[in-house]
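Spelled out, the chains give:
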Amino acid sequence: PEQAPAAVPIWQRPAAGPPPHAPRPLVERLGSVPALNPHQALDNLGGSTAALERVLASFVKAYRHGAPGLLDEPTAEAAERWRAVCHSLRGACGAIGAEALVRQTQALEQQLQAGLDPASLKAQAQALHAELVRLAGLLEARLASDRVN
């Protein structure tokens, strides 16, 4: 009769590694996003990667098409909307560690306060809108990424 193979003690068994196609950790995937500090974002959320993923997904959903109000023609009413958009945007960008966008938003807020010429304000608002769309697209790709490389 055949004998059962001898049991291998647990300390002699090979260590279990990650599954062959495990996604890279979120903070690592975000590390390649220019002008984003994922470690700051993680600190802002008490170190919770799950919370960071939720907040980033919410940011992408809210801003994947930018902030359309920033594309309005510069009028007194548009300037008020831009101020409100900038206030919300500055908080959202700060929460996710998008430090460059926080600075860009603050610069537009300062120019709105100073009452600079409408053409300059419009250019700043459009640049902010474009950068917001770009960042949301990058974040969306990183959140969906499951590549190991």
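Residues numbered from 1 in each chain as written. Predicted model: local features only at pLDDT ≥ 70, side-chain atom pairs only at ≥ 80, totals over all residues. Heavy atoms only, no water.

Caption draft 1: Spotlight on the nonpolar core. Leu52, Leu56, Phe59, Ile96, Leu108, Leu135 and Leu139 are the most contacted members of the largest nonpolar core, which has 33 residues in total. Apart from residues lying up to four places away in sequence, Leu56 is in contact with Leu26, Leu30, Ile96, Leu139 and Leu143. (Core = buried A, V, L, I, M, F, W, Y, C linked by side-chain atoms within 4.5 Å. Buried < 20%, exposed > 50% of the residue type's maximum accessible area, 1.4 Å probe, protein only. Contact = heavy atoms within 4.5 Å.)

Caption draft 2: Region of the structure containing the pattern of salt bridges. With the rule as written, the count across this model stands at six salt bridges. With a shortest N-O distance of 2.6 Å, Arg64 and Glu140 are connected by a salt bridge. Here Arg64 is found in the loop between helix H3 (49-63) and helix H4 (76-96), whereas its partner Glu140 is found in helix H6 (residues 118-144), with 76 residues between them in sequence. According to the relative accessible area criterion, Glu140 is partly exposed, its value standing at 34%. (Salt bridge = Lys/Arg side-chain N within 4 Å of Asp/Glu carboxyl O. Helix = DSSP H or I, 4+ residues; strand = E, 2+ residues; numbered from the N terminus.)

Caption draft 3: Layout of the packing of H4 against H6. Closest axis-to-axis distance for the H4/H6 pair is 13 Å, and the angle between their directions is 35°. The crossing of H4 and H6 is left-handed. Where H4 approaches H6, its residues Trp82, Cys86, Leu89 and Ile96 are matched on the opposing element by Leu121, Lys122, Ala125, Leu128, Leu132, Leu135 and Leu139. (Axes fitted to C-alpha atoms, helices over the stretch in contact; angles between N-to-C directions. Left-handed = near helix turned anticlockwise from the far one by under 90°.)

Caption draft 4: Here's a closer look at unusual backbone geometry. Phi at Ala35 takes a positive value of approximately 65°, unusual for a residue other than glycine. Along the chain, Ala35 turns up in the loop between helix H1 (26-30) and helix H2 (38-44). Among the residues examined, Ala35 registers a relative accessible area of 42% and is labelled partly exposed.

Caption draft 5: Seen up close, H4. A rise of 1.5 Å per residue sets the reference length of H4, with its 21 residues, at 30 Å; its end C-alpha atoms lie 31 Å apart and thus fit the reference within 8%. Within the span of H4, buried status applies to Ala78, Ala79, Trp82, Cys86, Leu89, Cys93 and Ile96. With its buried residues spanning 100° around the axis, H4 presents them on a single face. Projecting away from the buried face of H4 at angles above 90 degrees are the exposed residues Glu77 and His87. Elements in contact with the buried residues of H4: H2, H3, helix H5 (99-114) and H6. (Expected span 1.5 Å × (residues − 1). Arc of directions from axis to C-beta.)

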